[in-house]
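Geometric and topological summary
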Amino acid sequence: MSPRNKNTMLVKLRNDSQWSSWTWQQKLRLHGKHGLTRFFPNIRRKVNEQYIKYIKSYKIEITPYLLSLIDYDSQGNPQKNDPIWKQVSHIDLLSNVKSADYNGVNLNWEMPEEIHYSILHHKYPDRAIIRLTDNCLGYCSYCYLAQRTLDKKRKTLSSSFQIKWNGTLEYLRKNRQIRDILLSGGDPLLFSNRRLDQLFKDIKDIESISTIRINTRALTFNPFRFDPELIRIFKKYGLTALEVHFAHPKEITQEVDDALSLMDDIGYRPIILWRSPLLKGINDSCGILEELLVKLYERRIVPYYLFHYAPYSPARSNLSTSVKKGVRLLSELRRKIPGIAFPRYTLFHSSGKHDIPLVQEGTNEFKYEILANKQYIVKFKNWKDNWVIYPDLQDN
Ligand code: SF4
């Protein structure tokens with residue numbers, strides 16, 4: 001028996017005939033007050049107390065499928081350093097808040113002046129993001145959208161969605177320079193197939209929109225979401241690209257391969273683009289990144305973005321590397337994998353994303369500096385030709 005199967009609750013669930021139903025997975029997910037003890041009856045009392053305190057303010061939800069990928073100790077508890085468990089078990093990660101960590105106030109990406117009808121994010125001229133929901137199929141410790149997704153103090157969007165959707169469509173009709181739409185969230189694949197079909201139709205009815213993308217983490221949290229009907233909807237409306245997120249090679253499973261094969265069987269595979277943050281202790285080694293990127297390439301998934309950790313996101317002090325560490329890793333990786341499998345190394349800045357030059361000492365337009373208060377920063381010229389500052393960490 002592999003260490004992974006030492007959790008008796010998961011062994012039992014795995015044998016359930018409904019295991020491959022995505023709605024069953026969501027229903028049986030770890031969540032709520034008894035979530036941790038239901039799956040891990042031997043969990044330490046102190047950990048459970050931290051969990052209960054954490055969920056008063058923040059969300060944790062983990063499907064049995066994802067739990068089944070984690071390695072367990074002899075007591076049936078998750079191994080502390082398991083790369084999947086580390087991504088979703090953020091119960092102690094808000095206790096050590098430092099500068100540029102999550103504080104529920106500072107924004108890192110969704111600037112109020114760029115948001116229309118609460119769900120339409122228009123940052124760049126030719127494209128827009130529609131945030132269909134604030135909920136996800138599971139929650140990542142490091143979410144750069146934590147104010148909307150993880151933080152329970154924020155209101156959800158669901159109550160008057162139709163009004164917001166109608167306003168969004170009106171905005172798109174008036175702003176004909178927008179030709180590319182990214183459906184995102186939270187996770188848009190929480191919506192039913194019927195609802196998604198209608199939303200696609202509404203967007204496709206706008207003549208100036210030529211391409212549609214979907215951004216999802218379903219392949220990691222609940223790959224069973226890719227049912228035949230959903231893929232037929234992608235085919236019907238010609239979904240241009242599917243943006244997926246795997247942070248560690250362990251997440252690429254037989255179930256992921258089955259979802260990809262289903263697309264081939266139905267005869268429709270959009271461009272599949274990969275994105276993930278660089279995470280300390282999870283994927284910040286050349287060997288792990290090489291394995292992950294090669295696995296993606298083998299599956300015809302294009303490695304698109306490796307993001308540097310976004311500032312003002314939870315767990316930054318625990319899970320972020322310095323920018324320079326990322327540059328070193330990518331420089332080492334460059335000749336180990338084919339160019340097509342090599343992603344852009346990019347950082348989030350409220351003024352727009354920025355590609356990081358793979359030059360240790362920086363360049364004339366991308367400088368590493370230390371401020372008088374000992375704060376490490378990078379300073380760069382953004383796409384609007386303005387100098388902007390990004391809070392960094394001491395080289396680690
Ligand atoms: S799935 Fe995406 S939006 Fe949801 S918590 Fe994870 S990173 Fe954030």
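Residues numbered from 1 in each chain as written. Predicted model: local features only at pLDDT ≥ 70, side-chain atom pairs only at ≥ 80, totals over all residues. Heavy atoms only, no water.

Turning to the pattern of salt bridges, a few remarks are in order. Applying the stated criterion across every chain, the model contains 30 salt bridges. Across the salt bridge formed by E255 and R14, the nearest N and O atoms sit 3.3 Å from each other. You can see E255 sitting in helix α11 (residues 254-266) and its partner R14 sitting in helix α1 (residues 8-14), a full 241 residues away along the chain. E255 sits in the buried class, given a relative accessible area of 17%. The residue R173 makes a salt bridge to E170 at a minimum N-O spacing of 3.0 Å. On the criterion of helical spacing, the pair formed by R173 and E170 is a turn pair, its members being three residues apart in helix α7 (residues 161-174). A residue is classified by how much of its surface remains accessible, and R173, at 42% relative accessible area, is partly exposed. (Salt bridge = Lys/Arg side-chain N within 4 Å of Asp/Glu carboxyl O. Helix = DSSP H or I, 4+ residues; strand = E, 2+ residues; numbered from the N terminus. Buried < 20%, exposed > 50% of the residue type's maximum accessible area, 1.4 Å probe, protein only.)

If you walk through the whole model with that rule in mind, you get two cavities of 30 Å³ or more. Its boundaries defined by the atoms lining it, the largest cavity holds a volume of some 470 Å³. The element best represented in the lining of the largest cavity is strand β7 (residues 271-277), accounting for three residues. The residue makeup of the lining of the largest cavity, split by class, is 15 nonpolar, 11 polar and four charged. By volume, the second largest cavity is sized at about 40 Å³. Looking at the second largest cavity, the residues that line it are L30, L36, Y51, I60, I62, W85, S89 and I91. For the lining of the second largest cavity, the residue count by class is seven nonpolar, one polar and no charged. (1 Å grid on protein atoms, 1.4 Å probe; cavity = no way out; pocket = protein on both sides within 12 Å on 5 of 7 lines; lining within 4 Å. Points joined across faces, edges and corners; volume = space filled by probe spheres on them. Nonpolar A, V, L, I, M, F, W, Y, C, P; charged D, E, K, R; others polar.)

Moving on, we get to the sheet that holds strand β11 (residues 366-370). Pairing is antiparallel in the open sheet, where three strands are placed in the order β11-β12-β13. The open sheet has two edge strands, β11 and β13 (387-391), and neither has a second partner. Averaged over all pairs of adjacent strands, the angle between strand axes in this sheet comes to 25°, irrespective of strand direction. Relative to strand β12 (residues 376-381), β11 is paired through five bridges, and the arrangement is antiparallel. Within the sheet, the bridge partner assigned to E369 lies in β12 and is I377. (Pairing = 2+ DSSP bridges. Axes fitted to C-alpha atoms, helices over the stretch in contact; angles between N-to-C directions.)

Enumeration over the complete set of coordinates arrives at 18 aromatic pairs. Arranged with centres 6.3 Å apart and planes meeting at 50°, the rings of F39 and F40 form a pair that is tilted. Summarising the burial analysis for this pair, F39 and F40 share the class buried. Plain terms: the ring middles of Y65 and F224 are 5.6 Å apart, the flat faces sit at 80° to each other, and that makes the pair edge-to-face. Taken together, the residues Y65 in helix α5 (residues 64-67) and F224 in the loop between α9 (218-221) and α10 (228-237) connect sequence positions 159 residues apart. Of the two residues, Y65 and F224, neither departs from the other in class, the shared state being buried. An aromatic cluster of at least three residues, connected via ring pairs, comprises W109, Y144, Y304, Y305, F307 and F348. (Phe/Tyr/Trp six-rings, centres within 6.5 Å; stacked < 30°, edge-to-face > 60°.)

This brings us to the sheet that holds strand β1 (residues 115-116). Strand order in this open sheet of 10 strands is β1-β2-β3-β4-β5-β6-β7-β8-β9-β10, and the pairing throughout is mixed. Every other strand in the sheet has two partners, leaving β1 and β10 (354-355) as the edge strands with one partner each.

Because an α-helix completes one turn every 3.6 residues, residues spaced three or four positions apart along the sequence face the same direction. With 13 residues, α11 extends 18 Å between its outermost C-alpha atoms, agreeing within 8% with the 18 Å of an ideal straight helix rising 1.5 Å per residue. Buried residues of α11: E255, V256, A259, L260, M263 and I266, and no others. The buried side chains of α11 occupy one side of the element, clustering within an arc of 145° when seen end-on. Those residues of α11 that are exposed and aimed more than 90 degrees away from the buried face are Q254 and D265. (Expected span 1.5 Å × (residues − 1). Arc of directions from axis to C-beta.)

What follows covers the site of the ligand. Near the ligand the following residues occur: C136, Y139, C140, C143 and R217. Under a 2 Å grid-point criterion requiring more than half of the atoms, the pocket assigned to the ligand is the largest cavity. Split by residue class, the shell around the ligand holds four nonpolar, no polar and one charged. (Near = heavy atom within 4 Å. Sits in = over half its atoms within 2 Å of the grid points.)

Moving on to the side chain of T346. By the secondary structure assignment, T346 is in strand β9 (residues 344-347). At 2.7 Å, the side chain of T346 and the side chain of D355 are in polar contact. Setting aside its immediate chain neighbours within four residues, T346 contacts Y305, L306, F307, H308, K353, H354, D355 and I356. (Polar contact = N/O pair within 3.5 Å; in protein donor to acceptor, adjacent residues only side chain to side chain. Contact = heavy atoms within 4.5 Å.)

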